[in-house]
Amino acid sequence: MESNDIRAAIARLAGERGVSLAELSRVLGRNPAYLQQFIERGSPRKLAEADRATLARYLGVPESLLGGPPENPLIAIPRIDAAASAGPGGLVEDDLGDGALRIDTALLRQLRVRAQDASMITVAGDSMQPTLSDGDAILVDRGDRRGVSGAIHVVRYDGVLLVKRLARTRDGVELLSDNPAYPPIAVTGRPDIIGRVVWLSRSL
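Scoring rules and cut-offs
- Residues numbered from 1 in each chain as written.
- Predicted model: local features only at pLDDT ≥ 70, side-chain atom pairs only at ≥ 80, totals over all residues.
- Heavy atoms only, no water.
- Salt bridge = Lys/Arg side-chain N within 4 Å of Asp/Glu carboxyl O.
- Helix = DSSP H or I, 4+ residues; strand = E, 2+ residues; numbered from the N terminus.
- Buried < 20%, exposed > 50% of the residue type's maximum accessible area, 1.4 Å probe, protein only.
- Polar contact = N/O pair within 3.5 Å; in protein donor to acceptor, adjacent residues only side chain to side chain.
- Contact = heavy atoms within 4.5 Å.

A. View of the pattern of salt bridges. Under the definition given, this model contains 10 salt bridges. Between Asp117 and Arg114 there is a salt bridge whose closest N-O contact spans 2.8 Å. With a shortest N-O distance of 3.5 Å, Arg156 and Asp192 are connected by a salt bridge. With Arg156 in strand S6 (residues 152–157) and Asp192 in strand S10 (residues 192–201), this residue pair connects regions lying 36 residues apart in the sequence.

Dropping the structure here:
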């Protein structure tokens, strides 16, 4: 990609996003005239890789639009060889990759999930209906183990992977089902959180 094209792209994106070049320069930790000089005078001759990555994230565009290498639109996400139980659980001794599902990198950016933290697990059972159904493939962010109250997580409990909502209590955490037929599970202390469920894929 030619330098003139990169300069034009930055100027166009700044106008579309309603941000000034001075503001974008401050995002980079540079002086306010940095990007204006880059666009109008060609100084510096090219953007540093770190600056390009920061601009791309801030503007919400792929780095390739700003002169970075072309991105593969699809990325392979490992499929975990263990059903996350939303009902009667199966005992799990090892979580081993079993194939992969290809996901658009734009979706991962939208979900704010790093590719290396993403895993797919199949739901088993009906305790999370109507939100999740038996056979649904769920995308789990293994990088998010904070245990957000009210959010759906994959949790290891008594050797079983469970997919449940978390609720904070005075004594610890309750694992809640969306299906009212299933009672809460009380967990003393901090549960073993595998990750947060951020997306699902369902066959019709």
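B. Local environment of the environment of Thr122. Structurally, Thr122 is set in strand S4 (residues 118–124). You can call Thr122 partly exposed: its relative accessible area is 30%. Along the sequence, Thr122 and Asp136 sit 14 residues apart, while their C-alpha atoms lie 5.6 Å from each other.

C. Expanded view of the side chain of Asn179. Within the secondary structure, Asn179 is located in the loop between strand S8 (172–176) and strand S9 (185–188). From its side chain, Asn179 meets the backbone oxygen of Asp126 in a polar contact 3.2 Å long. Setting aside chain neighbours within four positions, we find Asn179 in contact with Asp126, Ser127, Met128 and Gln129.

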